Amino acid sequence: MPQLDVQRRGLMFVLSSPSGAGKSTLARSLLEGDGEITMSVSVTTRPMRPGEVEGKDYYFVSREDFGLMVNRDELLEHAKVFDHYYGTPAGPVEDALAEGRDVLFDIDWQGAQQLTQAAGDDLVKVFILPPSRQTLEERLFTRAQDSAEVVAGRMAKANDEISHWAEYDYVIINADLEIAKRQVRGILESERLKRRRQPGLADFVKQIQEGL
Ligand SMILES: Nc1nc2c(ncn2[C@@H]2O[C@H](COP(=O)(O)OP(=O)(O)OP(=O)(O)O)[C@@H](O)[C@H]2O)c(=O)[nH]1
Ligand SMILES: [Mg+2]
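Rules of the game
Residues numbered from 1 in each chain as written. Chains lettered and ligands numbered in written order. Predicted model: local features only at pLDDT ≥ 70, side-chain atom pairs only at ≥ 80, totals over all residues. Heavy atoms only, no water. Helix = DSSP H or I, 4+ residues; strand = E, 2+ residues; numbered from the N terminus. Rg over C-alpha atoms; globule rule 2.2 N^0.38 Å. Buried < 20%, exposed > 50% of the residue type's maximum accessible area, 1.4 Å probe, protein only. Contact = heavy atoms within 4.5 Å. Areas by Shrake-Rupley, 256 points an atom, 1.4 Å probe, with all protein chains shown as cover. Lys, Arg positive; Asp, Glu negative; His and termini not counted. Charge placed at Lys NZ, Arg CZ, Asp CG, Glu CD. Expected span 1.5 Å × (residues − 1). Bend = angle between axes of the 7 residues up to and from the residue. Pairing = 2+ DSSP bridges. Near = heavy atom within 4 Å. Polar contact = N/O pair within 3.5 Å; in protein donor to acceptor, adjacent residues only side chain to side chain. Nonpolar A, V, L, I, M, F, W, Y, C, P; charged D, E, K, R; others polar.

**Quick look at the overall build of the protein chain**
Piece 1. When helices and strands are counted, the protein chain shows eight helices and nine strands.
Piece 2. Taking 17 Å as the expected radius of gyration for a compact globule of 212 residues, we find that the protein chain reaches 19 Å, a close match to that expectation.
Piece 3. Here the C-alpha coordinates of the protein chain stretch approximately 65 × 40 × 30 Å along the principal axes.
Piece 4. Relative to its 212 residues, the protein chain shows a buried fraction of 43%.
Piece 5. Put simply, 70% of the contacts in the protein chain that link residues at least 6 apart link residues at least 24 apart.
Piece 6. Carbon and sulfur atoms form 51% of the exposed surface of the protein chain, whose accessible area is close to 11,700 Å².
Piece 7. Computed over 26 positive and 35 negative side-chain charges, the separation of the two mean positions in the protein chain equals 3 Å.

**Focus: helix α6 (residues 148-162)**
Piece 1. In a regular helix each residue adds 1.5 Å, so 15 residues correspond to 21 Å; α6 covers 21 Å between its end C-alpha atoms and thus fits that length.
Piece 2. Where α6 bends most, the angle comes to about 25°, and this point is alanine 156.

**Some details on the pairing of strand β5 (residues 75-81)**
Piece 1. Inspection of the sheet shows β5 paired to strand β6 (residues 84-89) by six bridges, in the antiparallel sense. Directly across from valine 81, in β6, lies its bridge partner histidine 84.

**Some remarks on the site of ligand 1**
Piece 1. Taken together, 20 residues sit near ligand 1, with Ser42, Arg46, Tyr58, Tyr86 and Asp106 positioned nearest.
Piece 2. One nitrogen or oxygen atom from the side chain of arginine 49 is found 3.1 Å from an oxygen atom belonging to ligand 1.
Piece 3. Within the side chain of aspartate 106, one N or O atom sits 2.6 Å away from an oxygen atom of ligand 1.
Piece 4. Surface burial for ligand 1 is 95%, taken as the share of its 610 Å² of free accessible area covered by protein chains.
Piece 5. Tallied by class, the residues present in the shell around ligand 1 amount to six nonpolar, six polar and eight charged.

**Re the pairing of β6**
Piece 1. Summarising the sheet, strand β3 (residues 43-44) and β6 pair through two bridges and their orientation is antiparallel. Each bridged residue has a counterpart across the sheet, and for valine 43 the counterpart in β6 is glycine 87.
Piece 2. The turn joining β5 and β6, which pair antiparallel and follow one another in sequence, is formed by two residues; a positive phi near 55° is taken by phenylalanine 82.

**Some words on unusual backbone geometry**
Trans peptide bonds make up most of the peptide bonds, and negative phi angles are found at most residues other than glycine.
Piece 1. Backbone geometry places aspartate 73, a non-glycine residue, at a positive phi of 65°.
Piece 2. Here the phi dihedral of phenylalanine 82 falls at roughly 55°; this positive angle occurs in a residue that is not glycine.
Piece 3. Checked against the element boundaries, phenylalanine 82 lands in the loop between β5 and β6.
Piece 4. Classification of phenylalanine 82 by relative accessible area gives partly exposed; the value is 25%.

And the structure:
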């Protein structure tokens, strides 16, 4: 029997959306029950929220430490979002890809643009849109983790984020969460099957042809 688990290249799967469009929920659902994709844990200078876990949600760092990481070239991309800095540590991403695992990124359009420069071919970019402006507002207010002022700021930023939708490979309108979950999973599974992501295929086919 030919070896069925054909070796493949890991891919970088980016999810972006305006705040409140359901990106985090979709990211979580993608990670559940899939051993081949891991989340990229960002560093951020924003304060930890109740319920957040260091090293799981983010690595929470000072402005000074963030600056040091930038200077040492330890971040694959970094950006200022709202009033805080966010960045993607390069090491874990490189390790995962080298092992043929996929990496999921919950980053904004600025990060997606920078990764496009750094890692064009390995990148799959998905943008999540809310079904309406009203839904977006409702989701932001019911979340209520932040002050009204912060929420208003995020709403203003939503237009800015949405204006970058056309820079993405795929766009999902998240009107029904179950459908959106299926759609994100479908994108990941299809992208994994891309021929160029399966460098082991030539050997596999050879084995078939030689009747091994
Ligand atoms: N460029 C970049 N953006 C990031 C990174 N980490 C998180 N972000 C983005 O920063 C924004 C704010 O994230 P958070 O502070 O966690 O707030 P949130 O409530 O999760 O906000 P939303 O996910 O937008 O609803 C989101 O759009 C994230 O996608 C990163 O490493 N790089
Ligand atoms: Mg989020």
